[in-house]
Amino acid sequence: AGETGNEPAAPFGLTRTRHFDQSQDSPFGGNNFAQDETNQPAPEEWTRAAPFAPARAPFEQSRAAASDQASAGEMQKRGDRFAQDNGLPNHHVVGKTSLPPIVEKSSLHRASAFVGTCQDMCPEAERYARESQRDLSQFEVLPDATNERGASKVDHSRAVKKYHRSAANQEAAKPQDVRPPAVLKRTLEYLYREVIDRTTNTRNEEVPFVEVHNFIRDRTRSIRQDFTYQGVRDACCIEIHEQIVRFHILSEHKLCEEDKDVFSSKQNMEQLDKCLISLREMYAENRQAGIYSPNETEMQAYFLLTHADAETLSGASKELPPELFMSEAYQLAAKPVVAMLSNNYARFFKYVKEAPYLYACLLHKHFATNRHQAMHVIRKTYGASRVPVEDVVDMLCFTDDYEAEDFLELYGFEIELDDSRVRCFRSRADTFVSNPSTKSTP
């Protein structure tokens, strides 16, 4: 490339940059670029226009400049049309850069109420869009029915709105796409009445519970999202969140042996925790307003069992009303947590047997830790003495003798018959495995 005027062409297609003028007042500490048109130009720097692009010749530069001006004018026209089409206020313009006006922060309580108007479980537009995109669940299609493209046709009576992730470039939710509380309640009732116990899809093909769980987890997340859009935190919202909490706890236990590629315990527990946090906030608001929440004790107990640590237990003792914290229902959750924190496996499993079913489902996540501790205590206590396997079955809440024996063998205990033909186990110093999870395999 040659020279333009008296200035040398930039090496390797580099172009001179405009320098930021900090002296100009703006919300960002200066918003104009010095054009370097004075007799004392700003310091020169080079930036690459394109990787190793050749510099433009003078006639190419003039033609490019004219094209750039035309493009800038066209873009300005498009921007004006966009603002008019969307009813947006005109932005103040600095140079050729359009900046949105600065708006002071406003309190959330002053925001106008958003009321959904969709009376179906899934908005009509979404139903047809997902049919054309082949994005329907096996629980939402008509059996043996396809459209002209060969895709499954939507069953309008079974389709349920999907959860949509929030994004910066996403349009705001529209009333016709958001379901009011009454419809959200009806949608959840449909999921629990018609879907949760299904063992087949709409084509009578067998489906495992994990697929049912994945479907309901997404659709209940969408239900919670519609409540958030509308800012609804009433008794209906609380009741629905409570039912969703119970679903996540049940799924966590039923799917605990599934492969991680099929079921994500982490994601399930994250959604459970979000539900419980929302409920705790609504319960606190109700207490301040003097409103009684009949299931608060149960849900507060689930929150404690979900975290099962000293910090959560200590926080509950300070934040919750004394009558709630000392109630029998809450203490049924607090006692096994205290036993676990005290490394008392015997008391832990004793309280598990006394716990309600969903309490026990959450406590089941801590069985391995407490059983691991029990193996070390039993080895030190009994040494090489024989111990009946059935004693461990009862003490550590195993399903049967076979499950207990498999677990004992992981730690190197030997299974044998005593003189009375009773299956027993005992430890040997040279065979005991202190931590089976790190045991090397041949």
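Everything here concerns the structure above.
In short, a report on the structure. (Residues numbered from 1 in each chain as written. Predicted model: local features only at pLDDT ≥ 70, side-chain atom pairs only at ≥ 80, totals over all residues. Heavy atoms only, no water.)

Another aspect to go through is the overall build of the chain. Looking only at helices and strands, the chain has 15 helices and 11 strands in total. When burial is assessed residue by residue, the chain has 36% of its 442 residues classed as buried. When contacts within the chain are restricted to residue pairs at least 6 apart in sequence, long-range pairs at least 24 apart make up 64% of them. Accessible surface, the chain as shown: approximately 27300 Å² in total, 50% of it carbon and sulfur. (Helix = DSSP H or I, 4+ residues; strand = E, 2+ residues; numbered from the N terminus. Buried < 20%, exposed > 50% of the residue type's maximum accessible area, 1.4 Å probe, protein only. Contact = heavy atoms within 4.5 Å. Areas by Shrake-Rupley, 256 points an atom, 1.4 Å probe, with all protein chains shown as cover.)

Here we come to the sheet that holds strand S9 (residues 387-388). A sheet is described by the order of its strands in space; here three strands give the open sequence S9-S11-S10, paired in antiparallel fashion. Of all strands in the sheet, those with a lone pairing partner are S9 and strand S10 (414-417), marking the two edges. Bridge count for S10 against strand S11 (residues 423-426) is four bridges, and the pairing is antiparallel. For Ile415, the partnering residue across the bridge sits in S11 and is Phe425. (Pairing = 2+ DSSP bridges.)

What follows concerns the nonpolar core. Core analysis: the largest hydrophobic core is formed by 81 residues, its most contacted members being Val245, Tyr302 and Tyr330. Among the elements that make up this core, the one with the highest residue count is helix H5 (residues 235-254) (eight residues). What Tyr302 contacts, discounting residues up to four positions off in sequence, is Val245, Ile249, Leu276, Leu358, Tyr359 and Leu362. Membership of the second largest hydrophobic core comes to five residues, among which are Cys122, Val141, Val154 and Ala159. (Core = buried A, V, L, I, M, F, W, Y, C linked by side-chain atoms within 4.5 Å.)

Before going further, it helps to examine helix H3 (residues 181-195). Spanning 15 residues, H3 covers 20 Å between terminal C-alpha atoms, matching the ideal 21 Å at 1.5 Å per step. Turning to H3, its buried residues number three or more, namely Val183, Leu184, Thr187, Leu188, Tyr190, Leu191 and Val195. Across the axial projection of H3, the buried residues extend over an arc of 155°, all falling on one side. Turned more than 90 degrees away from the buried face of H3 sit Ala182 and Arg193, all of them exposed. (Expected span 1.5 Å × (residues − 1). Arc of directions from axis to C-beta.)

All chains considered together, the criterion is met by 12 aromatic pairs. Taking 5.2 Å as the distance between ring centres and 50° as the angle between the ring planes, the aromatic pair formed by Phe139 and Phe215 counts as tilted. In this pair, Phe139 sits in the loop between helix H2 (124-132) and strand S7 (141-146) while Phe215 sits in helix H4 (residues 209-230), placing the two residues 76 residues apart along the sequence. Residue Phe139 shares its accessibility class with Phe215, and that shared class is buried. (Phe/Tyr/Trp six-rings, centres within 6.5 Å; stacked < 30°, edge-to-face > 60°.)

A few words on the pairing of S7. With two bridges joining them, S7 and strand S8 (residues 152-154) adopt antiparallel strand pairing. Looking at S8, one finds that Val141 is bridged to Val154. Connecting S7 to the next strand, S8, in antiparallel fashion are five residues, including Gly150 with a positive phi near 85°.

Another point: the packing of H4 against helix H6 (residues 265-288). Orientation of H4 relative to H6, taken along the N-to-C sense of each, is 30°, at an axis distance of 12 Å. The orientation of H4 with respect to H6, classified from their angle, is roughly parallel. For the pair H4 and H6, the crossing hand works out as left-handed. Across from His213, Arg217, Arg221 and Arg224 in H4, the residues of H6 making contact are Gln267, Asn268, Gln271, Lys274 and Cys275. Taken together, the residues of the contact of H4 with H6 break down into one nonpolar, four polar and four charged. (Axes fitted to C-alpha atoms, helices over the stretch in contact; angles between N-to-C directions. Parallel < 35°, antiparallel > 145°, perpendicular 65-115°, else oblique. Left-handed = near helix turned anticlockwise from the far one by under 90°. Nonpolar A, V, L, I, M, F, W, Y, C, P; charged D, E, K, R; others polar.)

Next up on the list: the packing of helix H11 (residues 345-354) against helix H13 (residues 367-382). In contact at an axis separation of 9 Å, H11 and H13 are set at 140° when each is read in the N-to-C sense. Between H11 and H13, the angle falls in the class oblique. In this structure, the crossing between H11 and H13 has a hand that is left-handed. The segment H11 lies against H13, with Tyr345, Phe348, Phe349 and Val352 engaging Phe367, Asn370, Arg371, Gln373, Ala374, Val377 and Ile378. Its residues assigned to classes, the contact of H11 with H13 comprises eight nonpolar, two polar and one charged.

This part takes up the pattern of salt bridges. Here the structure, examined in full by the defined rule, presents 22 salt bridges. One salt bridge connects Arg193 with Glu194, and the closest N-O pair in it is separated by 3.2 Å. Members of the salt-bridge network, linked through shared partners, are Glu126, Arg130, Glu140, Asp218 and Arg219. (Salt bridge = Lys/Arg side-chain N within 4 Å of Asp/Glu carboxyl O.)

This part covers a negative patch on the surface. On the surface, Glu257, Glu258, Asp259, Asp261, Glu390, Asp391, Asp400, Asp401, Glu403, Asp406 and Glu409 cluster together into a patch of negative charge. Sorting elements by how many residues they give to the negative patch places helix H15 (residues 401-410) first, with four residues. Take Glu403: it is sitting in helix H15. By relative accessible area, which is 32% here, Glu403 ends up partly exposed. (Patch = residues over 30% accessible without salt bridge, like charges linked within 9 Å, V, L, I, M, F, W, Y side chains within 5 Å. Lys, Arg positive; Asp, Glu negative; His and termini not counted. Charge placed at Lys NZ, Arg CZ, Asp CG, Glu CD.)

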